[in-house]
Amino acid sequence: AKTFGGQGGRDEFQRKSIAEKAIKLLKSDIDISPMVIDGSWGTGKTEFCHKLINLMKEGSTHNIIYIDAFKADHVDEPLMTVLAEIIKILPEGPRRKAFINRVLPAVRYTIKTVAKAGVSHILRQDFADLANDFDEVIQKAADDSIDKTAELILKDHVETEKSLQTLQTALTAIASQDPIIIFIDELDRCRPNFAVDMLEIIKHTFDVEGVSFVLVTNTQQLRASINHCYGQAVDAQRYLDKFIKFR
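All values derive from a computational prediction rather than experimental measurement.

Draft legend 1. Fine view of the packing of aromatic side chains. Evaluated as defined, the whole model comprises three aromatic pairs. When the ring of Y230 is compared with that of Y239, the centres are 5.4 Å apart and the planes differ by 50°; the resulting orientation is tilted. A relative accessible area of 42% means that Y230 is categorised as partly exposed. The interplanar angle of 45° and the centroid separation of 4.9 Å between the aromatic rings of Y239 and F243 together place this pair among those described as tilted. Each member of the pair, Y239 together with F243, is buried. In this structure an aromatic cluster arises from ring pairing among Y230, Y239 and F243. The side chain of R189 reaches across the aromatic face of F70, ending 4.1 Å from its centre.

Encoded structure:
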């Protein structure tokens, strides 16, 4: 185990005091989530993170989860990544089963409906091209398909809102007994889409009482990921500031 000093430990960069202050903040009633441990590549962020976690575990006051985002980004669904780790901290039994049953609808309905919107667009284009030849019959088929797609998207939006509330209620119930701190490491090494999706999932899905996040990352690279996803015209730092409360 990596520790600050003591048997098998070392603290050559004198960072234990920083870790202690971070832990004091994380245990306080101050809302500092998400917190960012920021540094360029090669500055020892991951080692510091593990030492901080081990130091915090000595108090046994929180459930602590560590996620290597780089190892998870092939899954392509940050919500699943985080939920799977939360489920692991629940002991086998009725409590775990009840939580899984409550969050399954959220997993189903938070899968983005962009694909359906894309199908609608393709249908419109394809049928518009053919309409010159087949006229009213084909055009009616296109309109019917687009109407059905729009109806599905609207229905999914309503279900997503309901499922999100259910998920947040379930998370709050768990965290009220044992507060959860989730450390997400290596976000700066992930594919831009996965990194940005993770930020947005944390902000919009996991913003519940008793659940805190610590991002261990290079924010310069995160800004590059934001620009990759949304274009150079976006002020990446301003966008990032919407998601980060303490650095």
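Draft legend 2. Representation of helix α8 (residues 219-230) within the structure. Over its 12 residues, α8 extends 16 Å from the first C-alpha to the last, a length consistent with the 16 Å expected when each residue adds 1.5 Å. Along α8, the residues classified as buried are T219, L222, S225, I226 and N227. The opening residue of α8 is N218, an N-cap whose side-chain oxygen sits 3.0 Å from the backbone nitrogen of Q220. Looking one or two residues beyond α8, the residue adopting positive phi is G231, at roughly 95°.

Draft legend 3. Looking closely at the nonpolar core. Counting 43 residues, the largest nonpolar core has I86, F99, I182, I184, L187 and F206 as the members making the most contacts within it. Sort the elements by how many residues they give to this core and helix α7 (residues 192-204) lands first, with seven residues. Sequence-distant contacts of F99, defined by excluding residues within four places in its chain, comprise L83, I86, I87, L90, A170, L171 and I174. By size, the runner-up hydrophobic cluster in this structure holds 19 residues, among which are A19, M35, I53 and I64.

About the thresholds
- Residues numbered from 1 in each chain as written.
- Predicted model: local features only at pLDDT ≥ 70, side-chain atom pairs only at ≥ 80, totals over all residues.
- Heavy atoms only, no water.
- Phe/Tyr/Trp six-rings, centres within 6.5 Å; stacked < 30°, edge-to-face > 60°.
- Buried < 20%, exposed > 50% of the residue type's maximum accessible area, 1.4 Å probe, protein only.
- Lys NZ or Arg CZ within 6 Å of the ring centre and 35° of its normal.
- Helix = DSSP H or I, 4+ residues; strand = E, 2+ residues; numbered from the N terminus.
- Expected span 1.5 Å × (residues − 1).
- Polar contact = N/O pair within 3.5 Å; in protein donor to acceptor, adjacent residues only side chain to side chain.
- Core = buried A, V, L, I, M, F, W, Y, C linked by side-chain atoms within 4.5 Å.
- Contact = heavy atoms within 4.5 Å.

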